[in-house]
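The primary structure of each chain is shown beneath.
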Amino acid sequence: MPTVLVVDDSATDRLRAGGLLAESGDFEVEYAIDGSDALLKLELHVPDVVVTDMDMPELNGLELVAVTRQAYPLVPVVLMTARGSEELALEALRAGAASYVPKRLLNVELVPTVHQVYAAAREDRGRIRLMRRMAEQQVRFTIENDHELISSLVQYLKDGAAGMGICDDGERVRIGVALQEALTNACLHGNLELDSSLREIDHHQYYELAHQRMEQAPYSHRRIYVAARYSPDAAEFCIRDEGPGFNRESLPDPTDPTNIDRPCGRGLLLMQTFMDEVSYNATGNEVTMIKRRRAPSEVRSQGPER
């Protein structure tokens, strides 16, 4: 069973987050009372995921992300953000955090977010070794609005980027998160035409409506089209849905710290932070994301290839 290290100097918030993860039955939970304590716990036992508060004494969430990113690049870090920590959260995402969850939404967002980053962090080393011998690749997929297919496709696509040497192991996780967000948006907001404002009002009604539309025409007949091109210099992902599209200007600016705590635009923020380029077509039903290979001096290697 995967292990999650929950880090928070507030005992109430620490136990609340840990309790949600433990009650899911999918994770073993360990605790640290602050960032310094977390580093000690990491030395004793490396967890599969770290979930951390932002504002802590001695070593805050941003500093913990930086240290973990360097020393344990395969361990994704999920931030728990409270009002007032938005600027630090944005900086931490840029520094290497894998995702974030506003504390006011822990009950509904924490467990699925940890599932997402844990799935993105798993790796098949044998497959990665083989793909590092590939000179170039182009692939195309047409998939239904199926979350299992989306998760499998994310795994395949991010492995392709890592296999070509475009990213290190830590960046591979973040590419997986960006792909998951883009494909989920194509499914829920594109093909199923779900309004993200409903998710802010009633989380359960939002997903109940999604389940209904997966069985109803015309939504159920729509497909997601994915094209990926890998070269030694970059990975390019193009994701298109069959929905009516959307006006990009109508979304709140996801990079504005005042909007980081809103579900609306969260996926776009993660995509823009983790990819080098993100662009949409004129109708808004196709997104292209590019991740460029970093210079050798910028890449922190996990160690010699096995």
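Quick summary incoming for the structure in this document. Owing to the predicted nature of the structure, the values given are computational and were not obtained by experimental measurement. (Residues numbered from 1 in each chain as written. Predicted model: local features only at pLDDT ≥ 70, side-chain atom pairs only at ≥ 80, totals over all residues. Heavy atoms only, no water.)

1. Quick look at the overall build of the chain
Heads up, the condition is: Segments assigned H or I by DSSP are reported as helices when at least four residues long, segments assigned E as strands when at least two residues long, and all are numbered from the N terminus. Categorising residues by exposure relies on relative accessible area from a 1.4 Å probe, with only protein chains included: less than 20% of the type maximum marks a residue as buried, more than 50% marks it as exposed, and the intermediate range marks it as partly exposed. In this description, contact between two residues means that some pair of their heavy atoms is separated by no more than 4.5 Å. Where accessible areas are quoted, they stem from the Shrake-Rupley method and a 1.4 Å probe; at the residue level, only the protein chains shown are allowed to cover.
When you go through the chain residue by residue, the secondary structure sums to 11 helices and 10 strands. For the chain, the proportion of its 306 residues judged to be buried stands at 52%. Contacts in the chain between residues far apart in sequence, at least 24 positions, make up 68% of those at least 6 positions apart. Within the structure as shown, the chain displays about 14,000 Å² of accessible surface, and the carbon and sulfur contribution to it stands at 47%.

2. Side note on unusual backbone geometry
In this model, A217 is joined to P218 through a cis peptide bond whose omega is 0 degrees. With respect to the element layout, P218 can be found in the loop between α10 (203-213) and β7 (224-230). For E58, which is not glycine, the phi dihedral falls at a positive 70 degrees. One can find E58 in the loop between β3 (49-53) and α3 (61-71). For E193, which is not glycine, the phi torsion reads 55 degrees and is therefore positive. Structurally, the position occupied by E193 is in the loop between α8 (169-191) and α9 (196-201).

3. Things to note about helix α11 (residues 266-274)
Counting buried positions along α11 yields seven of nine residues, so the element is predominantly enclosed. Of all the positions in α11, only R266, G267, L268, L269, L270, M271 and F274 are classed as buried. In this fold, the buried residues of α11 make contact with α4 (86-95), β5 (99-102), α5 (106-121), α8, β9 (277-280) and β10 (286-292).

4. A look at the sheet that holds β7
Filter applied, for reference: Strands qualify as paired when DSSP identifies two bridges or more between them. Every axis corresponds to a line fitted to the C-alpha atoms, with the helix fit spanning only the stretch in contact, and the corresponding angles, defined between N-to-C directions, vary from 0 to 180 degrees.
Strand order in the open sheet made by the five strands is β6-β7-β8-β10-β9, with antiparallel pairing throughout. Looking at the sheet topology across the chains shown, the edges are occupied by β6 (137-143) and β9. Adjacent strand axes in the sheet meet at a mean angle of 10 degrees, parallel and antiparallel pairs treated alike. Strand direction decides the pairing type here: β9 and β10, joined by four bridges, are antiparallel. Residue pairing in the sheet places E277 in a bridge with I290 of β10.

5. Let's talk about the pairing of β7
Within β7, five of the seven residues are buried, which leaves the element mostly enclosed by the surrounding structure. Between β7 and strand β8 (residues 234-240), which follow one another and run antiparallel, lie three residues.

6. Observations concerning the pattern of salt bridges
As a reminder, the rule being used: Any Lys or Arg side-chain nitrogen found within 4 Å of a carboxyl oxygen on Asp or Glu counts as a salt bridge.
Per the stated rule, a full pass over the model turns up 12 salt bridges. Close ionic contact of D8 with K103 constitutes a salt bridge, the shortest N to O distance being 2.9 Å. One end of the pair, D8, is in the loop between β1 (3-7) and α1 (11-23); the other, K103, is in the loop between β5 and α5, with 95 residues separating them in the sequence. Of the two residues, D8 and K103, both sit in the buried class. Between E277 and R292 there is a salt bridge, with the nearest N and O atoms lying 2.2 Å from each other. Of the two residues, E277 sits in strand β9 while R292 sits in strand β10, which places them 15 residues apart along the sequence. With a relative accessible area of 39%, R292 lands in the partly exposed category. Among the charged side chains, a network of salt bridges with common partners joins D8, D13, D53 and K103.

7. What about the packing of α8 against α11?
This is how it is decided: Each crossing gets its hand from how the near helix is turned against the far one by less than a right angle, where anticlockwise is left-handed and clockwise is right-handed. For this scheme, ten residues count as nonpolar: Ala, Val, Leu, Ile, Met, Phe, Trp, Tyr, Cys and Pro. Four count as charged, namely Asp, Glu, Lys and Arg, and the remainder, Gly too, count as polar.
Contact pair α8 / α11: the axes reach a minimum separation of 9 Å and the direction vectors enclose 145 degrees. Crossing handedness for the pair α8 and α11: left-handed. In contact with E171, R174, V177, A178, E181, A182 and N185 of α8, α11 contributes R266, G267, L270, M271, T273 and F274. Residue classes in the contact of α8 with α11 are distributed as six nonpolar, three polar and four charged.

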